[in-house]
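Fold and contact review
So the chains spell out like this:
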Amino acid sequence: MTASCWNGAHGNMSNPATTMAVSSPLGRLSRGSISTAIMSLFNVCSWWSAQCADPGEQYDVASLLCARFGLEAQEKDYIIVGSQTGQLSIYYPHRRGYDATDLLLETQMAAPILGLYAGKFSGNVRNENTNQLGVLLPNAIAIYNVQAIGGLAEHGAQLRLQLQAEHKFQRVAFGLCQGHFGQVKGREFFCVVHLDGTLTFYEQDGISYECRFPGHRALPAPVAYCERTDSFFRFSATWHLQCYSYQDLSHSLVTKLGSYQPTWTQGVGEGIVDMRVVQVKDNCSYIMILGERNFISLDDNGKFIFMLKLDYAPKCFHSFVVGYYWEPGARLITAIISDSSKLHVYEEANIIWAAQWPNQSPAPVAIQRSNMQGLAGGIVTLGARGQLEVGYLGADPFTFQVQPLNIEELSFAQAHKELQQLEDEIKEAVDVRDMDALNQQAADQVRLSFSIQKEVSDDLDTLLLDVPADVAVKELPSAKGLLRFKIKADLAELQLVFQTPSGVRCSQDTMSFVDVVAGTSQELKLDFYIAELLHIHSTRVEVVASFVSPRGIPRVILQSAHLPLAMFYRVCQPQKAAGIKLTYSITSRHVAPKLGTFFGEFLEGQGDAHALGLQLLCPGLDKQSELITVVAAKNSNRIRIQSDYVEAFAMILERLVETTLQLDSSAGLIKMDKKKPKRGVLNRCVERLMAAPFLPAQPILHRVDVHHETQQNIRKQTEQLEDLWLQFKTLQRQLQEQQEQEPKEALTMQIETNYDQLILEGDKLVEIRRDERRQRCDLNCAVALAKWIIQALNLEERVVNVVGSVLSVPIEDWTELSWEESMAPGIDMLHHFGPLTRSKSTSTHGLLDATDSTKDSFDYGRFRRHFATLFDRIVRLASSPQPAAGDGGGGGVVSHVTEQPLEVVEEQQQAKQVDEISNMQRMLGDQGLPLPLAPSKRKSNMSSSLEAVEDDEEYDEEDLREDVGYRKEYGTGTVTGAGAEAQKKTSSQPRSEWVNEDFELPTTEELFSDLGIWW
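Remember, it's a predicted structure, so these values are computed and weren't measured experimentally.

**Observations concerning the overall build of the protein**
If you tally the helices and strands in the protein, you get 18 helices and 42 strands. Counting over 1015 residues, the protein shows a buried share of 48%. Long-range contacts, defined as pairs at least 24 residues apart, comprise 64% of the intrachain contacts of the protein with a sequence gap of at least 6. Taken as a whole, the protein presents about 50800 Å² of accessible surface, with 50% of it coming from carbon and sulfur.

In structure tokens:
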């Protein structure tokens, strides 16, 4: 490209740019050569640069102007810069390189500067070469006369602004459009574009008037004027370019009608960045549009000249004509700057040059073409932070020098050693086969120690921690924690995240560290407190340490601790009866079945107590007290937990199970195998703790029903809000389209009524979401209760793992998917496949039934039936006798049937023939005749109510153990179901109930088939 592309019609280059400009053989570059040029050779060479007064990001495409004001005979262009903070500066470069005398004016405006314009805006201008400076402010436009003040020496020249006129607006301005409106010669008018699409016209004699474009409200976009056709081009909200004649606009001002239509409309199809009008020929003007992804050119009649798809994101552009438009050789040149600081020069639709700013990042936001003293056709750019630069196109000298060759002898042993080290580093980063070694290595790099004190405190600073008022009034206890970490290796990033249950908050939620050096250690004191009055489903608090090594290898460490139960419960009088009763048997001989073993913080000085009553502190409802009672049997190893509220069980059961497993683990008795459990292996938790086969299905399903109903209400309320919002926008559009003479009172009243209803329905939605959060926490407690019971049931370990993975807590609700809908596939698969299915074969019909529900809408009734059936099958499977699991080092599973005399067992089997429903009713707390464990130790009279509770529990436990109605005959020594006759013993060593004809224990398939379950 020749240098004349950036010169004027008669401009000559008498500066270094002339010698550095590339000759015409490289005038047209192909796309492949352009990328090579950008990467290596061609740059925008800097000729003059300055930093504006405001270094912040306060500049945009309208903040730069290059113009002449007619102050001297051989005048060149001035550079005017205005910031959005109101800083106005005028520069006049004299030579290469910035000099202090180049800054001629710097002043502060009273408001942000939205745009700078030069023209003959006043009729008092006598010299035809004199221009005035227009400064657009948000609510006014100021017209200034620029005056030069000569100094006594070379360093004294400066400029002064004299206010000629100021026009104030009633609406906020967006931009300005100037030109000879009405094709009037010798006078120049201007039009202010407001944010709502209104146009305000100003003439030199002070006449001003307004008009509006018809149709919908316009997007804030520039409006351009074409002098040849006396038309305005406007970009509509529907991404259409519309043309309106000045005659139509002026006619609408007289008649006050907005029924006129655009002269022509052309669809652009995307948002625009900027738009300019350039007259290229005597009979045609081009509309140059820089879109978000395309460069578009149309003529003034709406016909497409070209549409060029850009493979970069444009920031700004500038179009100009080289030569005079009435001459045949006039050329249309466009310069576009991309977001990667690259300059692309086009001649119409053909790219002819590409260059890059070597040291300017981010990309400039404004570009102009200017003639300076000593540089004709300079490229003037302005950055977002006020980096003002004048450059030219050229090529820097090639300074590359070939380095001397390394002729040292290659050592294969050293090269092999380095290669081995690189392979080890890569393997360490990407090889995840040995997760135990990786976890151990991560634990060695970052050593964590996380603990929570068992004692609670009441000295929490609620104001400092921003505890809500409704929680602070109750003065709930809090707990203190301590986190110590020590870094053994250099880390690029380290993040600590504390995960607490819903309703509980930590004084430090997240902590981040960057560039952590080895040897760094820190100790953090933490406060855990109740921040919301919600039901808590767990006391577990997890701290997750995620870090990245300097080589970019990420690792994660997880540690957990438990909050004290005294934060959530306080001691109260035990209950005699309750609606839900759960029984656990401590089968490990290393764990004392006493209340002090599990709830020592509530039994200080009462280590031999057999009953404990606790009241739930949170949410702490005034109308009801949520109580739970824990009773330890005097004559056996059983513990009973009873309450009328499902929400009170979760944390108690968590403490019971976790403490039992922890005590056995400290004794070295639990050896958890991480491999997939084999078929037929019983739940190893039963060797330490076993729960009675009972699940409170109805209370759990009730929480699910309430949660699902609330989700439906949220969706209905959201749809109602969307309808109201659409109605509100429609009314606003109708008000916008109404004429001024039409009455607006009725429409305004409808808008106000609709707005009030919108606010009211929005408040209802907020309240429903608040209820939904409380119900989600209640459902968390219910699901956690089911998980803790199933974990200690006498089932296969695979069954426990599968069901535990499906019943995950805490539950989550998404915008488009509720918890029930996300749980439905898992529950449906358990219903049709796996160890809990009713079918005995995997037929194609069953597979289709399992997959058809995913195609249709969510069926909550089906989901609820499957959920209830799942609990029923788990209870029946846990009630059936299982093969012996061996000792296991922990005492094994204690068979309650063998504890009683044989005559008692025969008498119970003959006397009680109950179905499943009656058995479930006894689990829910129905009173029955007490049945002693040993008749010789039976007391005739109950000395206290607590003893009566314990005796009732013993009866309930015996009833649960004996009422098993799912047995199958294997050989001659088997027994039948619950309705069969009593078993007859024929020898001192009777055959096992589960021995078949081959004198072998039944397989898992036989056992499950007997229970109506297929694996």
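**Observations regarding helix 12 (residues 819-832)**
The end-to-end C-alpha separation of helix 12 is 20 Å, in line with the 20 Å expected for 14 residues at 1.5 Å each. Its axis deflected by about 30° at Pro825, helix 12 carries its strongest bend there. Among the 14 residues in helix 12, 10 count as buried, and that is most of the element. Where helix 12 is concerned, the buried positions are Trp819, Glu820, Glu821, Met823, Ala824, Ile827, Asp828, Leu830, His831 and His832.

**Here's the deal with the packing of aromatic side chains**
Aromatic ring pairs are described here by two measures, namely the spacing of the ring centres and the angle between the planes. If you walk through the whole model with that rule in mind, you get 35 aromatic pairs. When the ring of Trp48 is compared with that of Tyr91, the centres are 5.8 Å apart and the planes differ by 70°; the resulting orientation is edge-to-face. Taken together, the residues span a long stretch of sequence, with Trp48 in strand 1 (residues 42-51) and Tyr91 in strand 4 (residues 87-91) at a distance of 43 residues. Its relative accessible area of 1% is what places Trp48 among the buried residues.

**Some remarks on the side chain of Ser643**
For Ser643, the location among the structural elements is in strand 41 (residues 638-643). At a separation of 3.1 Å, a polar atom in the side chain of Ser643 contacts the main-chain amide nitrogen of Tyr645. Ser643 has contacts with Gln575, Ala578, Gly579, Ile580, Leu627, Ile628, Ala648 and Phe649, leaving out every residue within four places of it along the chain.

**Some words on the packing of helix 9 (residues 697-737) against helix 12**
Between helix 9 and helix 12, whose axes approach to 10 Å, the crossing angle comes to 125°. When the axis of helix 9 is compared with that of helix 12, the two are oblique. Only Trp819, Glu820 and Glu821 of helix 12 make contact with helix 9, whose side of the interface consists of Val704, His707, His708, Gln711 and Arg715. A breakdown of the residues in the contact of helix 9 with helix 12 according to their chemical character gives two nonpolar, three polar and three charged.

**Here's the deal with a nonpolar patch on the surface**
A contiguous nonpolar surface patch, about 230 Å² in accessible area, is contributed by Val172, Phe174 and Leu195. As for its position among the elements, Leu195 is in the loop between strand 11 (189-194) and strand 12 (198-202). The partly exposed category is assigned to Leu195, whose relative accessible area is 42%.

**Quick word on the pairing of strand 16 (residues 240-245)**
Summarising burial for strand 16: five of the six residues are buried, a large majority. Hairpin connection from strand 15 (residues 231-235) to strand 16: four residues lie between these consecutive antiparallel strands, with Trp239 at a positive phi of about 65°. In this structure, strand 16 lies alongside strand 17 (residues 264-267), joined through four bridges in antiparallel fashion. Looking across to strand 17, one finds that Gln242 is bridged to Thr265.

**Looking at the side chain of Glu761**
Structurally, the position occupied by Glu761 is in helix 10 (residues 745-791). Given a relative accessible area of 6%, Glu761 falls into the buried group. Aside from chain neighbours lying at most four places away, what touches Glu761 is Gln717, Gln720, Leu721 and Leu724.

**Looking at the sheet that holds strand 17**
On the basis of which strands lie adjacent, the open sheet formed by four strands has the order 14-15-16-17 and antiparallel pairing. Edge positions in the open sheet fall to strand 14 (224-226) and strand 17, since each of these has one partner strand only. Taken pair by pair, the neighbouring strands of this sheet meet at an average axis angle of 25°, ignoring direction. Pairing of strand 14 with strand 15, which is carried by three bridges, proceeds in the antiparallel orientation. Bridge pairing links Ala224 to Phe233 in strand 15.

**Observations regarding unusual backbone geometry**
With an omega dihedral of 0°, the bond running from Val809 to Pro810 counts as a cis peptide bond. In this fold, Pro810 is placed in the loop between helix 11 (797-806) and helix 12. Residues other than glycine seldom take positive phi values, yet Glu348 does so here, at roughly 60°. By the secondary structure assignment, Glu348 is in the loop between strand 24 (342-347) and strand 25 (350-356). A positive phi is found at Glu475, a non-glycine position, where the angle reads about 55°. Looking at Glu475, the relative accessible area reads 65%, which means it is exposed.

**Describing the confidence of the model for the protein**
Mean pLDDT over the protein: 77, with 75% of residues reaching 70 or higher. Summarising per-element confidence for the protein, the mean pLDDT is lowest in helix 1 (residues 16-20) (32) and highest in strand 35 (residues 540-548) (94). Of the regions scoring below 50 in pLDDT, residues 883-1001 engages in 188 contacts with residues more than four places distant in sequence or in other chains.

**Some words on the environment of Asn43**
Looking at the element boundaries, Asn43 is found in strand 1. Assessed through its relative accessible area of 15%, Asn43 is described here as buried. As a C-alpha pair, Asn43 and Leu393 span 350 residues in sequence and 6.8 Å in three-dimensional space.

**Considering the nonpolar core**
If you look at the biggest cluster of nonpolar residues, it comprises 112 residues, and the most contacted ones within it are Phe450, Tyr569, Tyr584, Ile641 and Phe867. Those residues within four positions of Tyr569 in sequence are excluded, and the remaining contacts are Phe602, Leu614, Gln615, Leu616, Leu617, Ile628, Ala648, Met651 and Ile652. Ranked by size, the runner-up nonpolar core spans 21 residues in total, among them Phe69, Leu105, Leu116 and Ala142.

**Examining the pattern of salt bridges**
In the structure shown here, the tally under the stated rule is 27 salt bridges. Arg876 is paired through a salt bridge with Asp872; the nearest N and O atoms lie 3.5 Å apart. Remark: Asp872 and Arg876 occur in helix 14 (residues 860-879); sequence separation between them is four residues, near one turn of the helix. Exposure remark for Arg876: the relative accessible area of 17% places this residue in the buried category. Given the relative accessible area of 24%, Asp872 is considered partly exposed. Within this structure, Arg171, Asp196 and Glu210 form a network of salt bridges that share partners.

**Examining the sheet that holds strand 38 (residues 580-586)**
What links the strands of a sheet is backbone hydrogen bonding, and the strands pair in either a parallel or an antiparallel sense. Pairing is antiparallel in the open sheet, where six strands are placed in the order 37-39-40-41-38-42. The open sheet has two free edges, formed respectively by strand 37 (569-572) and strand 42 (689-691), since each of these has just one partner strand. Direction aside, the axes of adjacent strands within the sheet are offset by 25° on average. Relative to strand 42, strand 38 runs antiparallel, the two being bridged by three bridges. What sits directly across from Ser585, in strand 42, is Met690.

**Focus on the packing of helix 12 against helix 14**
At a closest axis distance of 9 Å, the pairing of helix 12 and helix 14 adopts a crossing angle of 50°. One way to sum up the angle between helix 12 and helix 14 is to call them oblique. Viewed along their axes, helix 12 and helix 14 form a crossing whose handedness is left-handed. Contacts between helix 12 and helix 14 pair Trp819, Glu820, Met823, Ala824, Ile827, Asp828, Leu830, His831 and His832 from the former with Tyr860, Arg862, Phe863, His866, Phe867, Thr869, Leu870 and Arg873 from the latter. Counted by class, the contact of helix 12 with helix 14 contains nine nonpolar, four polar and four charged residues.

**Brief notes about helix 5 (residues 435-445)**
Turning to helix 5, its buried residues are Leu438, Ala442 and Gln445. The arc that holds every buried residue of helix 5, seen down its axis, measures 60°, which confines them to one face. Buried-residue contacts for helix 5 involve helix 4 (412-430), strand 29 (446-457), strand 30 (478-487), strand 35 and strand 36 (554-562).

**Concerning the environment of Phe598**
Position of Phe598 relative to the elements: it lies in helix 7 (residues 595-598). You can call Phe598 buried: its relative accessible area is 2%. For the pair Phe598 and Thr660, spaced 62 residues apart in sequence, the C-alpha separation works out to 8.3 Å. Every residue in contact with Phe598, bar those within four places of it in the chain, is listed here: Ile586, Val591, Ala592, Ile639, Arg655, Leu656, Thr659 and Thr660.

**A short note on the state of the cysteines**
Scanning the entire structure with this criterion turns up zero disulfides. Left unpaired, Cys777 is separated from the closest cysteine sulfur, that of Cys781, by 7.2 Å. By relative accessible area, which is 3% here, Cys777 ends up buried.

Rules behind the numbers
- Residues numbered from 1 in each chain as written.
- Predicted model: local features only at pLDDT ≥ 70, side-chain atom pairs only at ≥ 80, totals over all residues.
- Heavy atoms only, no water.
- Helix = DSSP H or I, 4+ residues; strand = E, 2+ residues; numbered from the N terminus.
- Buried < 20%, exposed > 50% of the residue type's maximum accessible area, 1.4 Å probe, protein only.
- Contact = heavy atoms within 4.5 Å.
- Areas by Shrake-Rupley, 256 points an atom, 1.4 Å probe, with all protein chains shown as cover.
- Expected span 1.5 Å × (residues − 1).
- Bend = angle between axes of the 7 residues up to and from the residue.
- Phe/Tyr/Trp six-rings, centres within 6.5 Å; stacked < 30°, edge-to-face > 60°.
- Polar contact = N/O pair within 3.5 Å; in protein donor to acceptor, adjacent residues only side chain to side chain.
- Axes fitted to C-alpha atoms, helices over the stretch in contact; angles between N-to-C directions.
- Parallel < 35°, antiparallel > 145°, perpendicular 65-115°, else oblique.
- Nonpolar A, V, L, I, M, F, W, Y, C, P; charged D, E, K, R; others polar.
- Patch = residues over 30% accessible without salt bridge, like charges linked within 9 Å, V, L, I, M, F, W, Y side chains within 5 Å.
- Salt bridge = Lys/Arg side-chain N within 4 Å of Asp/Glu carboxyl O.
- Pairing = 2+ DSSP bridges.
- pLDDT = per-residue confidence, 0-100.
- Core = buried A, V, L, I, M, F, W, Y, C linked by side-chain atoms within 4.5 Å.
- Left-handed = near helix turned anticlockwise from the far one by under 90°.
- Arc of directions from axis to C-beta.
- Disulfide = S-S within 2.5 Å.

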